[in-house]
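Working through the structure, step by step
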Amino acid sequence: MGLELYLDLLSQPCRSIYIFARSNNIPFEFKHVELFKESVLGKKPAAGSGAEQPHAGPSHCEGAGKVSLLKKVPALKDGDFTLAECTAILLYLSRKYNTPDHWYPADIQKRAQVDEYLSWHHANIRASAPKTMWIKVLIPLFTGQPLPSEKLQEVMEGLSSSLKQLEERFLQDKAFIIGSEISLADLVAIVELMQPVGVGCDVFEDRPRLMQWRRRVEDAVGKELFFQAHEMILNIKDLSNIQIDPELKEQLAPVLLKVLK
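Residues numbered from 1 in each chain as written. Predicted model: local features only at pLDDT ≥ 70, side-chain atom pairs only at ≥ 80, totals over all residues. Heavy atoms only, no water.

Looking at the nonpolar core
Buried together is how nonpolar side chains tend to be arranged in soluble globular proteins. Judged by nonpolar contacts, the single largest core of 73 residues is most densely connected at Tyr-117, Leu-166, Ile-177, Leu-193, Phe-204 and Trp-213. The leading source of residues in this core is helix 8 (residues 184-198), at 10 residues. Ignoring sequence-local partners within four residues, the contact set of Ile-177 consists of Tyr-117, Leu-166, Phe-170, Leu-171, Ala-185, Asp-186, Ala-189 and Trp-213. (Core = buried A, V, L, I, M, F, W, Y, C linked by side-chain atoms within 4.5 Å. Buried < 20%, exposed > 50% of the residue type's maximum accessible area, 1.4 Å probe, protein only. Helix = DSSP H or I, 4+ residues; strand = E, 2+ residues; numbered from the N terminus. Contact = heavy atoms within 4.5 Å.)

Some thoughts on the side chain of Asp-8
Within the fold, Asp-8 resides in the loop between strand 1 (3-7) and helix 1 (12-23). Buried and unpaired, Asp-8 has Arg-15 as its nearest opposite-charge partner, separated by 7.4 Å. At 3.0 Å, the side chain of Asp-8 and the backbone nitrogen of Leu-10 are in polar contact. Those residues in contact with Asp-8 that lie beyond four places of it in its chain are Cys-14, Val-33, Glu-34, Leu-35, Val-73 and Met-232. (Lys, Arg positive; Asp, Glu negative; His and termini not counted. Salt bridge = Lys/Arg side-chain N within 4 Å of Asp/Glu carboxyl O. Polar contact = N/O pair within 3.5 Å; in protein donor to acceptor, adjacent residues only side chain to side chain.)

Regarding the environment of Phe-170
In this fold, Phe-170 is placed in helix 7 (residues 149-171). A sequence separation of 53 residues divides Phe-170 from Tyr-117, and the C-alpha atoms of the two residues are 7.5 Å apart. Setting aside chain neighbours within four positions, we find Phe-170 in contact with Glu-116, Tyr-117, Trp-120, Gln-165 and Ile-177.

Some thoughts on the environment of Pro-254
Relative to the elements of secondary structure, Pro-254 occurs in helix 12 (residues 246-260). On the basis of relative accessibility, which here comes to 45%, the residue Pro-254 falls in the partly exposed class. It is 7.9 Å that separates the C-alpha atoms of Pro-254 and Thr-143, two residues lying 111 residues apart in sequence.

Quick notes on the packing of aromatic side chains
The geometry of an aromatic ring pair is captured by two quantities: the separation of the ring centres and the angle between the planes. Inspection of the entire model under this criterion finds 8 aromatic pairs. Taking 5.1 Å as the distance between ring centres and 85° as the angle between the ring planes, the aromatic pair formed by Phe-20 and Trp-103 counts as edge-to-face. Of this pair, Phe-20 sits in helix 1 while Trp-103 sits in the loop between helix 3 (86-96) and helix 4 (108-123); the two residues are 83 residues apart in sequence, bridging distant segments of the chain. Given the relative accessible area of 3%, Trp-103 is considered buried. Aromatic pair Trp-120 and Phe-170: ring centres 4.8 Å apart, planes at 50°, arrangement tilted. Of this pair, Trp-120 sits in helix 4 while Phe-170 is found in helix 7, placing the two residues 50 residues apart along the sequence. Accessibility assignment for this pair places Trp-120 and Phe-170 in one class, buried. Following the ring pairs from residue to residue traces out a cluster consisting of Tyr-18, Phe-28 and Phe-30. Between the NZ or CZ atom of Arg-169 and the centre of the ring of Phe-170, over which it lies, the distance is 5.1 Å. The ring of Phe-204 has Arg-214 lying over it, and the distance from NZ or CZ to the ring centre is 5.0 Å. (Phe/Tyr/Trp six-rings, centres within 6.5 Å; stacked < 30°, edge-to-face > 60°. Lys NZ or Arg CZ within 6 Å of the ring centre and 35° of its normal.)

A few points about the sheet that holds strand 2 (residues 29-32)
The mixed open sheet is built from 4 strands, whose spatial order is 2-1-3-4. Both outer strands of the open sheet, strand 2 and strand 4 (81-84), are each paired with one neighbouring strand and no more. Going from strand to strand, the sheet's axes swing by 20° on average, the running direction of each strand aside. Where strand 1 lies against strand 3 (residues 75-78), 4 bridges are found, and the strand directions are antiparallel. Its bridge partner lying in strand 3, Glu-4 is registered against Lys-77. Against the sheet, helix 1 touches strand 1 and strand 2, its axis set at about 145° to strand 1. (Pairing = 2+ DSSP bridges. Axes fitted to C-alpha atoms, helices over the stretch in contact; angles between N-to-C directions.)

Observations regarding the side chain of Gln-228
When you line up the elements, Gln-228 lands in helix 10 (residues 223-229). The class of Gln-228 is buried, set by a relative accessible area of 9%. Separated by 3.1 Å, the side chains of Gln-228 and Tyr-18 make a polar contact.

Regarding the pairing of strand 4
Where strand 3 meets strand 4, 4 bridges bridge the pair, whose relative direction is antiparallel. In the sheet register, Lys-77 faces strand 4, and the bridge partner there is Thr-82. Linking strand 3 back to strand 4 in an antiparallel pair, the connection comprises 2 residues, with Gly-79 at a positive phi of about 70°.

Taken by themselves, the reported measurements are silent on function.
Here it is in C-alpha cells:
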C-alpha cells in the first residue's frame, strides 16, 4: 500500500502538505476530503475549469475519520501507519523521502530557527488569519447576517501586528525566513496568509518586503503548483450563491451568531 494523504485544499495546513509533497515529487494518493461534505463547501468545479486531481473523485470524509484519531485533516496513511497534525506530517515526509536539506536543515541552529517559527506561527499568524474567512464569507453564508465590520477590523489589527513581527523578527533582510532558501517555515507561513487574500483582505498590499518574499516562495515551489493549490481559496467568494443544507444551517447558525456578538 502506498502513501495516502487525506486533504481539503480549503485548509491551509492541507495546502502546505500538498505543495510540499508535489514540489518534492513524493508519490502519494490524493484523498479529497470535503470538510463540509456536500452541504456547502463540497461544491465540485464546473466542467472545463481546468481543475486538476485535488477536485476529482468522491469525498473521503469517512475515510479520514478512520485514519486520524482526531477526526480531522490533514491525515496521512502510509501502509499501516497513520499520522495527524500538519507539522508532524511535514517532518515525517521530509525524513522518509530525504527531501533537500533546505526544507528542514540538518544544521542544528538553522533547524532550531525553523522550529522557532513554527512554534510562534500557531499563536500569532494562525490565530488571526483564518478568522478573516469566517467573518467575510462563512458566517454571513450560514447566518444571513451582515458583515460585522468591527470584528473584521479587530482581526486585521491583530494580524497586522503579527505581520510586523514576521517581517522584522523573522524575515528581516533575508530572502526567506531562515536564510537564502525556502524552508518549512516559509511554506507554513505563506499558505496561512493566502487565506485572507482569498476573501479580499490582501495582507501583502503596502508591504513590499512581504510581497517580494511571497513571490520568491511562489518561484521556489513553482507558480503553477502554487496557484493550483490555492484555486479553491482564491475562488471562495463563489460560495455566496450556494444553497446551504437546511439541517446544517440549523445546527451551525446559532453557534456562529455568537461570534457576531
